Every structure is written in structure tokens, then in C-alpha cells.
Amino acid sequence: MRAIPVPRARALVLAIVGFAAAATAGSAGAVTPSSFGTAATYAAGAGAISIVAADLDHNGSKDLAVANQTAGTITILLGNGRGSFTAAAGSPIAL
């Protein structure tokens, strides 16, 4: 797991874009995406500075943990395995 720094902002909104698995080969043999799903936004906390993706609830799906520096909290977004997330009970968590 490696934290990915994100720009500091009053609040971070995570945009998750679903990527269709279908791809087509171009003339040079390169694989190009054929479509994208609809974007969804998820609110995190004030002063979000870092995000980590991991299976936090051990259900086989990636979840997101966002560190919120200004708020002094961590926001947990649980993945459903189909490209969308819901806030975990009690999230954001005060540090």
C-alpha cells in the first residue's frame, strides 16, 4: 500500500470513473479503451492530503481511506466491488 498525495483543498471530492473492460486494438497494436462508465463523486473531509486504496473490511473489494489534515479526521469509503463506494459507519473518524 502506498499513499498517493492529492492537492490540498478545503474539501476533496473523489471522482471515480468506471472503466469498461472492453478494449480495441489500434493499427499499431495498442490497446485503447472503448468506453467509460458514468463518473460519481464522493465527499471526503476538509484538507484532504492523502488517499490509500486497500481491502479494509476484508470482503475482497478495494476500499478508500482519506486523510483529512484540516479536519483531523480519516474518511473511510467502503467499496462494493462494482465501482461505487459508501461511507463507513462512524466515518469520518477523529484522530
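The structure displayed is predicted, hence computed values, not measured ones.

Engineer: Looking at this structure, how should I read the overall build of the protein?
Structural biologist: A tally of helices and strands in the protein yields zero helices and ten strands. Moving toward the C terminus, one meets the helices and strands of the protein in the order β-β-β-β-β-β-β-β-β-β. Expressed as a percentage of its 95 residues, the buried residues of the protein come to 26%. Here the contacts in the protein between residues at least 6 apart in sequence split such that 35% fall between residues at least 24 apart. Surface exposure of the protein reaches about 6100 Å², of which carbon and sulfur atoms provide 61%.

Engineer: Whenever I open this one, the packing of aromatic side chains confuses me. Can you help?
Structural biologist: How two aromatic rings sit relative to each other is given by the distance of their centres and the angle of their planes. One pass over the structure, following the stated rule, counts one aromatic pair. Relative to F85, the ring of Y42 has its centre 5.7 Å away and its plane inclined at 85°; by these criteria the two rings are edge-to-face. In this pair, Y42 sits in strand β5 (residues 36–46) while F85 sits in strand β9 (residues 85–87), placing the two residues 43 residues apart along the sequence. When its relative accessible area of 12% is taken as the criterion, Y42 is described as buried. Residue classification places F85 among the buried positions, given a relative accessible area of 14%.

Engineer: Help me understand the environment of G37 in this model?
Structural biologist: Along the chain, G37 turns up in strand β5. In this structure G37 comes out as partly exposed when scored by relative accessible area, which is 37%. Sequence-wise, G37 and G83 are 46 residues apart; in three dimensions their C-alpha atoms are separated by 9.4 Å.

Engineer: In this structure, what is going on with the side chain of N68? I would like to understand it.
Structural biologist: By the secondary structure assignment, N68 is in strand β7 (residues 63–68). A relative accessible area of 2% places N68 in the buried class. Side chain to side chain, N68 and T75 meet in a polar contact 2.9 Å long. The contact partners of N68, leaving out residues within four places of it in the chain, are A44, G45, A46, G47, A48, T73, I74 and T75.

Engineer: Would you mind showing me how to read the nonpolar core here?
Structural biologist: It is characteristic of soluble globular proteins that their nonpolar side chains tend to be buried jointly. Of all hydrophobic cores here, the largest spans eight residues; its members are Y42, A44, A48, I51, L64, V66, L77 and F85. At the level of elements, β5, β6 (48–54) and β7 are the ones that each hand at least two residues to this core.

Reading the values: the criteria
- In this numbering scheme, every chain counts its residues from 1 along its sequence in written order.
- Reporting in this predicted model follows two pLDDT cut-offs: at least 70 for local features of residues, and 80 or more for side-chain atom pairs to be given and counted; totals over whole chains, interfaces and linings ignore these cut-offs and use all residues.
- Side-chain figures throughout are based on the complete set of non-hydrogen atoms in the structure, without hydrogens or water.
- By definition, any uninterrupted DSSP run of H or I lasting at least four residues is a helix, any uninterrupted run of E lasting at least two residues is a strand, and each is numbered from the N terminus.
- Relative accessible area decides the class of each residue, using a 1.4 Å probe on protein chains only: under 20% of the type maximum gives buried, over 50% gives exposed, and in between gives partly exposed.
- The contact criterion used is simple: two residues touch if any of their non-hydrogen atoms lie within 4.5 Å.
- Areas reported as accessible are Shrake-Rupley estimates using a 1.4 Å probe. Residue values count occlusion only from the protein chains shown.
- A pair of aromatic rings is counted whenever rings of Phe, Tyr or Trp (Trp by its six-membered ring) have centres within 6.5 Å, and the orientation is called stacked for planes under 30 degrees apart, edge-to-face for over 60 and tilted otherwise.
- Polar contact is the term for a pair of N or O atoms within 3.5 Å; when the atoms are in protein, one must be able to donate a hydrogen and the other to accept it, and sequence-neighboring residues count only if both atoms are side-chain atoms.
- Side-chain atoms within 4.5 Å link the members of a nonpolar core, which is a set of buried Ala, Val, Leu, Ile, Met, Phe, Trp, Tyr and Cys residues.

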